[in-house]
Amino acid sequence: MTKLKIAYSPCPNDTFVFDAWAHGRVPGAPRLDVTFADIDLTNGWAADGEAPYDVLKVSYAVLPWVLDEYALLPCGGALGRGCGPLVLTREPGAGGTSQAEGPAGLAGKTVAVPSERSTAYLLFRLWAADLVPGGVGEVVVLPFHEIMPAVRDGKVDAGLVIHEARFTYKNYGLHALADLGEYWEGTTGLPIPLGAIIAKRSLGEETLRLLADAARASVRTAWDDPSVSRPYVLEHAQEMDPKVADQHIGLYVNEFTADLGETGYAAVRGLLTRAAAEGLVPPLGPDALRFP
């Protein structure tokens, strides 16, 4: 088999998961031709059909647009508890308002988000629909690394952040107005669906099963000896502190990475069903998540 073209992010959870597979340490696995790309790019590639990738890491939020062409692999992605996006403000309250006002203080305010095709954005919109009377004002899309400085400098009233910002936002003097993971888990009891691994259905059922087996074996190999993946993780971690990289992996690589299971699938369908009810995504068909 020729090399399969795969695109995933340089974030520690992805490089940790794919290290063994990408470096030929998963017996019988197809060889990979790896491209690193931010998840907002891969979301766009999958939704628009603009790039010739066999396998992509995308947000679960983009699935309703891509499942005709791509199948969701039941492993390799990021889904968990205590790892949700945060809504950050410059002051303890929303947009400079009092803490007592809470989420209501964001009504009509400007909020920066890293993508409008992300799980984080869906969670934010569901949270705002419940708790921000009349909704927020303007939503501005900014690159992830620009959001916290924009909030700190008063260019926007609040920012939606993901990943390692959970551990670093206090360095910018910012305050967490809301943990959207706590909101999601508190209202549903389900884990948070963040990043998914998808593969082209045209590869065929046998190859799709082989890919799922390879992804599962790769993450288990990384768990067996995390030190082996460390050089690959830190090489691509964009100058991230090694301790933060370890925290990042600890949050986003867990039992759901090895297998979504019934609870994982319930979380994915729950998120996308609620988002469809709000008109944020197209509705899923009854067998849309079936694998292969």
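Our subject is the structure that appears above.
Everything numeric here is computed off the predicted structure, so don't read it as measured data.

If you tally the helices and strands in the protein, you get twelve helices and eleven strands. In summary, the protein has a C-alpha radius of gyration of 19 Å against a globular reference of 19 Å for 292 residues, a match within 12%. Looking at the protein as a whole, 54% of its 292 residues are labelled buried. Within the protein, contacts between residues at least 6 apart in sequence are counted, and of these 80% link residues at least 24 apart. Of the side chains in the protein, 24 bear a positive and 36 a negative charge, and the two mean positions are spaced by 2 Å.

Among all positions in helix 10 (residues 242-252), only Val244, Ala245, His248, Ile249, Leu251 and Tyr252 are buried. Viewed end-on, helix 10 has its buried residues packed into an arc of 165°, placing them on one side of the element. Within helix 10, the exposed residues directed more than 90 degrees away from the buried face are Lys243 and Gly250. On its buried face, helix 10 is in contact with helix 1 (12-22), strand 5 (78-80), helix 6 (165-168), strand 11 (192-200), helix 9 (226-235) and helix 11 (255-258).

Their axes nearest at 7 Å, the elements helix 1 and helix 8 (residues 205-224) cross at an angle of 110°. One way to sum up the angle between helix 1 and helix 8 is to call them roughly perpendicular. Between helix 1 and helix 8, the contacting residues are Phe16, Val17, Phe18, Asp19, Ala20 and Trp21 on the first element and Leu211, Ala214, Ala215, Ser218, Val219, Thr221, Ala222 and Trp223 on the second. Class assignment of the residues belonging to the contact of helix 1 with helix 8 gives a composition of eleven nonpolar, two polar and one charged.

Tallied over the full model, the rule gives six aromatic pairs. Centroid distance Trp45 to Tyr53: 5.1 Å. Interplanar angle 20°. Geometry classified as stacked. Classification of Tyr53 as buried rests on a relative accessible area of 11%. Every member of this aromatic cluster is reached through a ring pair, and the members are Tyr8, Phe18, Trp21, Phe36 and Tyr232.

We now examine the sheet that holds strand 10 (residues 175-179). The sheet built from five strands is open, its strands ordered 8-7-9-6-10 with mixed pairing. Whereas interior strands pair on both sides, the edge strands pair on one side only; in this sheet they are strand 8 (139-141) and strand 10. Going across the sheet, the axis of each strand differs from the next one's by a mean of 30°, ignoring polarity. Taken together, the four bridges between strand 6 (residues 86-89) and strand 10 define a ladder with antiparallel strand orientation. Opposite Val87, over in strand 10, you have Ala178 as the bridge partner. Running at roughly 135° to strand 9 (residues 158-161), helix 4 (residues 119-131) makes contact with strand 6, strand 7 (111-113), strand 8, strand 9 and strand 10 of the sheet.

Before going further, it helps to spend a moment on the pairing of strand 9. The alternating pattern of strand 9 places Ala158 and Leu160 and Gly159 and Val161 on opposite faces, both of which are buried. Across four bridges, strand 6 lies against strand 9 in antiparallel orientation. Residue pairing across strands places Leu88 opposite Gly159, the latter belonging to strand 9.

Taken as a whole and assessed by the stated rule, the structure comprises eight salt bridges. Linking Asp14 and Lys57 is a salt bridge whose minimum nitrogen-to-oxygen distance equals 2.5 Å. Here the residue Asp14 occupies a position in helix 1, and Lys57 occupies one in strand 3 (residues 55-59), the gap between them amounting to 43 residues. Comparing Asp14 with Lys57 shows no difference in burial state: the two are buried.

Within strand 1 (residues 4-8), four of the five residues are buried, which leaves the element mostly enclosed by the surrounding structure. The sheet contact formed by strand 1 and strand 2 (residues 32-36) spans five bridges and is parallel. In the strand pairing of strand 2, Leu4 is matched with Leu32. Summarising the sheet, strand 1 and strand 3 pair through two bridges and their orientation is parallel. By the bridge assignment for strand 3, Ile6 is matched with Val55.

Definitions and limits used
Residues numbered from 1 in each chain as written. Predicted model: local features only at pLDDT ≥ 70, side-chain atom pairs only at ≥ 80, totals over all residues. Heavy atoms only, no water. Helix = DSSP H or I, 4+ residues; strand = E, 2+ residues; numbered from the N terminus. Rg over C-alpha atoms; globule rule 2.2 N^0.38 Å. Buried < 20%, exposed > 50% of the residue type's maximum accessible area, 1.4 Å probe, protein only. Contact = heavy atoms within 4.5 Å. Lys, Arg positive; Asp, Glu negative; His and termini not counted. Charge placed at Lys NZ, Arg CZ, Asp CG, Glu CD. Arc of directions from axis to C-beta. Axes fitted to C-alpha atoms, helices over the stretch in contact; angles between N-to-C directions. Parallel < 35°, antiparallel > 145°, perpendicular 65-115°, else oblique. Nonpolar A, V, L, I, M, F, W, Y, C, P; charged D, E, K, R; others polar. Phe/Tyr/Trp six-rings, centres within 6.5 Å; stacked < 30°, edge-to-face > 60°. Pairing = 2+ DSSP bridges. Salt bridge = Lys/Arg side-chain N within 4 Å of Asp/Glu carboxyl O.

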